[in-house]
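What follows is the residue order along each chain.
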Amino acid sequence: MLNAFKRKFRTILQRCILLAILAAIFMLIVSYMNLEFCYKIMSQNSLTYMCKKYKNYEYSGTLCEELCANEQSFKSFKCPQTDMGTIMFTAEKNGDVYAVKLARHIKDDLSWINSRGMQVYPKIENFHHIVKMHITLTYNVTLDDNMIKALVNQEIDKNNPQQMLNFWRLFKDNNYMMSKLYDEDSLFPTVLGSCGPYYATESLNILKTEQSLLQYISSDWQKRLKYALSLMEFVFKMDEMKPEPLRMCKMKISNFGVTGDKRIKYENAEHVYVETKIDKRLSDGSPCEEDADCNFHYCMGGGLFPGLLASAKTPKNLMKMVKNCIDPSKFNNLHVPGRLYAPNTELALRLYNEMKRLHKVDSKETVVGTN
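Quick caveat, the model's predicted, so the values are computed rather than measured.

*Asks:* Would you mind showing me how to read a nonpolar patch on the surface here?
*Replies:* A contiguous nonpolar patch, built from Leu-18, Leu-19 and Leu-22 and spanning about 310 Å² of accessible area, is present on the exposed surface. If you trace the backbone, Leu-19 turns up in helix H1 (residues 2-55).

Put into structure tokens, the structure is as follows:
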């Protein structure tokens, strides 16, 4: 009986070890495939294609010259820290890390076919006017002619007007435009140059705080609380933007990062819009048979994993505020009138002040503990 039990136990143990080895091999294969996939996109598809277009005078921009004319200036080409939906690859130059991105494809074209069957592009002056009107209508920001010229950067070759389409693709890319228009406000990564539809921004050190069930027993509560405070301050800052507030319709903690001088920025501004843009999108007259028909990305909190502040160390009163903020519809005085799932300013400030108070208390206790 005992020998049979030992044999059974030994068999189960061997199977577990075999499964663990197979799982490890599978993870190594997946990691290798991801690296290989990223490398091919980076070197063969992106860089090679970009430089080919540049040599054929189809692409222009300072990034073309930096990446293609002087290939030795960049080193340490790597896959992005975040998902590859935004960043194609990163590269280092003089100690600074560049994140190279690709503007989204657009359907509208600037050119037309004339009566002689020739493809015609707008004159550069007309293109400046088109860009100016686009920025005014989309972002409610009016730039003077000199600023528009600086934005285009005088990099379009008059003998190769097709380069204009690539600049138009950049100006239609919300991620690129938010970084350019709000550069002085330090909300999004600074644009360092462009090459056709490709552009480079400063690379951020992503705030690495895992969201999983293990965080309930983790010891990084104070770190999480500090991150949460920084994120709320970031949202408050967006609310104070001029000429009108910015609204983030899709927020991911993994998209927040820190610059070299310790400023928090948001990596991907693709789903950040001025308030009037959101109002037009949500109230364009389209019929809504149910609430889901008129949703636009994330409208409520929650999800598969717990939030940033969910932990065994989280005080009950703070967790209650967080839950009320996620769903204020149950309380008449906690939501914005007419918007049941939008917490009002009073609730947001109460939550922020309580978090700030707890952070000060934890900081003092940590100092006393070290002494």
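*Asks:* I keep staring at the pattern of salt bridges and nothing clicks. Help me out?
*Replies:* Pairing is possible between side chains of opposite charge, provided their charged atoms come close. Under the criterion given, the structure shown has ten salt bridges. We note a salt bridge from Arg-104 to Glu-270, for which the minimum N-O separation is 2.3 Å. Of this pair, Arg-104 sits in the loop between strand E3 (96-102) and strand E4 (112-113) while Glu-270 sits in the loop between strand E11 (264-266) and strand E12 (272-274), and the two are 166 residues apart along the sequence. Owing to a relative accessible area of 52%, Arg-104 belongs among the exposed residues under this scheme. Note that Arg-263 and Asp-261 form a salt bridge whose closest N and O atoms lie 3.0 Å from each other. Exposure remark for Arg-263: the relative accessible area of 35% places this residue in the partly exposed category. Several salt bridges share partner residues, and in doing so they unite Asp-239, Arg-247 and Glu-275 into one network.

*Asks:* Looking at this model, I keep getting lost on the pairing of strand E2 (residues 87-93). Mind explaining?
*Replies:* Remember that side chains alternate between the two faces of the sheet whenever the strand is regular. Burial analysis of E2 places six of its seven residues in the buried class, which makes it a mostly covered element. Where strand E1 (residues 75-78) and E2 come together, two bridges link them in antiparallel fashion. Along E2, the bridge assignment pairs Lys-75 with Glu-92. Pairing of E2 with E3, which is carried by six bridges, proceeds in the antiparallel orientation. When the sheet's bridge partners are listed, Lys-93 is paired in E3 with Asp-96. What sits between E2 and E3 in their antiparallel hairpin is a turn of two residues, with Asn-94 showing a positive phi close to 55°.

*Asks:* It is not clear to me how the nonpolar core should be interpreted in this structure. Could you clarify?
*Replies:* When a protein is soluble and globular, its nonpolar side chains tend to lie buried together. In this structure, Phe-127, Ile-135, Phe-171, Phe-188, Phe-234, Leu-246 and Met-355 are the most contacted members of the largest nonpolar core, which totals 55 residues. Of all the elements, helix H7 (residues 221-239) adds the most residues to this core, at nine residues. If we ignore the near neighbours within four places in the chain, the residues touching Ile-135 are Asn-140, Val-141, Leu-143, Ile-148, Leu-151, Met-177 and Leu-181. Grouped together as the second largest cluster of nonpolar side chains are 17 residues, Cys-64, Ala-91, Val-100 and Ala-200 included.

*Asks:* I tried to follow the state of the cysteines on my own but got confused; where do I start?
*Replies:* Covalent bonding between the sulfur atoms of two cysteines defines a disulfide. According to the stated counting rule, one finds two disulfides in the structure shown. With its sulfur 2.2 Å from that of its partner, Cys-51 forms a disulfide with Cys-68. Residues Cys-51 and Cys-68 are joined through a disulfide that is left-handed, its torsion about the S-S bond being -85°. Residue Cys-51 is located in helix H1, and its partner Cys-68 is located in helix H2 (residues 62-69); the two are separated by 17 residues in the primary sequence. Cys-68 sits in the buried class, given a relative accessible area of 8%.

*Asks:* Just checking my understanding: could you explain the sheet that holds E1 for this structure?
*Replies:* In sheet architecture, strand pairing relies on hydrogen bonds along the backbone and comes in two forms, parallel and antiparallel. Pairing is antiparallel across the open sheet formed by five strands, whose spatial order is E1-E2-E3-E7-E6. Looking at strand neighbours, the two that pair on one side only are E1 and strand E6 (191-195), the edges of this open sheet. Shown here is a sheet whose adjacent strand axes are inclined to one another by a mean of 25°, direction ignored. Bridge count for E6 against strand E7 (residues 198-202) is four bridges, and the pairing is antiparallel. Note that in E7 the partner of Gly-193 across the bridge is Ala-200.

*Asks:* Whenever I open this one, the environment of Ile-106 confuses me. Can you help?
*Replies:* In this fold, Ile-106 is placed in the loop between E3 and E4. Contact partners of Ile-106, with chain neighbours within four places excluded, come to Trp-168, Arg-169 and Lys-172.

*Asks:* How should the sheet that holds strand E10 (residues 256-258) be read in this particular structure?
*Replies:* If you trace the three strands from one edge of the open sheet to the other, you get E8-E10-E11, paired in antiparallel fashion. Each end of this open sheet is capped by a strand with a single partner; those strands are strand E8 (205-206) and E11. The sheet contact formed by E8 and E10 spans two bridges and is antiparallel. Bridging from a neighbouring strand, Asn-205 pairs with Val-258 of E10. On the sheet, H7 packs against E10 and E11 and is oriented at approximately 65° with respect to E11.

*Asks:* Whenever I open this one, the environment of Leu-63 confuses me. Can you help?
*Replies:* With respect to the secondary-structure elements, Leu-63 resides in helix H2. In the structure, Leu-63 is positioned 136 residues away from Tyr-199 in sequence and 7.2 Å away in space, judged by C-alpha atoms.

Definitions and cut-offs
- Residues numbered from 1 in each chain as written.
- Predicted model: local features only at pLDDT ≥ 70, side-chain atom pairs only at ≥ 80, totals over all residues.
- Heavy atoms only, no water.
- Patch = residues over 30% accessible without salt bridge, like charges linked within 9 Å, V, L, I, M, F, W, Y side chains within 5 Å.
- Areas by Shrake-Rupley, 256 points an atom, 1.4 Å probe, with all protein chains shown as cover.
- Salt bridge = Lys/Arg side-chain N within 4 Å of Asp/Glu carboxyl O.
- Helix = DSSP H or I, 4+ residues; strand = E, 2+ residues; numbered from the N terminus.
- Buried < 20%, exposed > 50% of the residue type's maximum accessible area, 1.4 Å probe, protein only.
- Pairing = 2+ DSSP bridges.
- Core = buried A, V, L, I, M, F, W, Y, C linked by side-chain atoms within 4.5 Å.
- Contact = heavy atoms within 4.5 Å.
- Disulfide = S-S within 2.5 Å.
- Axes fitted to C-alpha atoms, helices over the stretch in contact; angles between N-to-C directions.

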